[in-house]
Amino acid sequence: MKIAITSMGPTLDDRVEARFGRCPYFVIIDTESMRFEAIENPNTALGGGAGIQSAQLMAEKDVRAILTGNCGPNAFQVFRAAGVEVIVGMSGLVRDVVDRFKRGEFSTTAEANVPSHFGMGASSPVSGQGMGGMGSGRGMGGGRGMGRGMGMGMGRMPEAGSPVHPPVSPEEDLESLRAQTRALEEQLKLIHDRIAGSTDPNFSPKLIAVVDLMKCTGCGLCVDPCPTRAITINEQAEILASRCNGCALCLAACPEDALSIRARR
Ligand code: SF4
Ligand code: SF4
């Protein structure tokens, strides 16, 4: 069985990362052979929708279960639509979590255990290590420019009573900007790949967006984020099924929580 674990690093001996959408790595493991691959998460730089995009990524990798610390409602919705089990509350070493999973010690969760945007710009609740953030973390990405979720991580948040770090040097600042540029380029590539995938005649999306007409106000905020122009507004939002690739980018844009993802019938 192929499972994925959110991790702070690329090996089985790294610690589980509590955040799902912005974890530094996904370690994908075949539980029979214990062969694994580590994927650097391209969504750590996203201002919003990181959980949805990361869930899409895992669904595309055909994992059957995701083990993490916390999972928000949007990512959970994508996993449910894709038939992926979600197990939350994980901590410790990746290797130990896999062993415990194989011994059947965990139960699948029935719902998200944290609200939307949990962990955005915050340090990991387990690790205490920041991903840059809004200026308190030190190291690459520390409090510069794009702010939340950017940078290369590993900056430790100052503890109460600890000395205040000196301001970042121009060289550190420049390297931070370079790191942010790389992260944005990766993200852009991912979006282009999704658009390309949706125009491939052999591409057959498994998921589709649906509108809750009881909630939709017709505000139109979901139209621009859609990479395939699948949304039109006719007093309320309408999804063109032949164009929707199930990417879920529109979910994060809706202020009414009127959009959701489900499996295509
Ligand atoms: S409507 Fe557009 S943004 Fe929403 S899931 Fe479909 S393709 Fe993605
Ligand atoms: S953003 Fe939400 S409320 Fe606004 S039109 Fe789209 S689905 Fe409706």
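A brief report on the enclosed structure follows. Because the structure is a prediction, the values reported are computed rather than measured. (Residues numbered from 1 in each chain as written. Chains lettered and ligands numbered in written order. Predicted model: local features only at pLDDT ≥ 70, side-chain atom pairs only at ≥ 80, totals over all residues. Heavy atoms only, no water.)

**Structural notes on the pattern of salt bridges**
Pairs may arise between side chains of opposite charge once their charged atoms sit close together.
Link 1 in the chain: Summed over all chains, the structure comprises four salt bridges.
Link 2 in the chain: For aspartate 13, the salt bridge identified is with arginine 95, shortest N-O distance 2.9 Å. Placement of aspartate 13 in the loop between β1 (2-7) and β2 (25-30) and of arginine 95 in helix α3 (residues 94-102) is noted, with a sequence separation of 82 residues between them.
Link 3 in the chain: The class for aspartate 13 is partly exposed, based on a relative accessible area of 47%.
Link 4 in the chain: Between glutamate 17 and arginine 19 there is a salt bridge; the shortest N-O distance is 2.8 Å. Each of the two residues, glutamate 17 as well as arginine 19, counts as buried. (Salt bridge = Lys/Arg side-chain N within 4 Å of Asp/Glu carboxyl O. Helix = DSSP H or I, 4+ residues; strand = E, 2+ residues; numbered from the N terminus. Buried < 20%, exposed > 50% of the residue type's maximum accessible area, 1.4 Å probe, protein only.)

**With respect to the nonpolar core**
Link 1 in the chain: Within the largest apolar cluster, 39 residues are counted, with the highest numbers of intra-cluster contacts made by Phe20, Met58, Ile66, Phe79 and Ile261.
Link 2 in the chain: Looking at this core, the elements with two or more residues in it are β2, α1 (50-60), α2 (73-82), β8 (207-211) and β11 (259-263).
Link 3 in the chain: When residues of this core are assigned to their parent elements, the largest contribution, five residues, is made by α2.
Link 4 in the chain: Apart from residues lying up to four places away in sequence, phenylalanine 20 is in contact with Thr6, Phe26, Asn41, Gly51, Ser54, Ala55, Met58, Ile66, Thr68, Asn70, Ala75 and Phe79.
Link 5 in the chain: In this structure, Val16, Ile29, Val94 and Val97 belong to the second largest nonpolar core, which totals 15 residues. (Core = buried A, V, L, I, M, F, W, Y, C linked by side-chain atoms within 4.5 Å. Contact = heavy atoms within 4.5 Å.)

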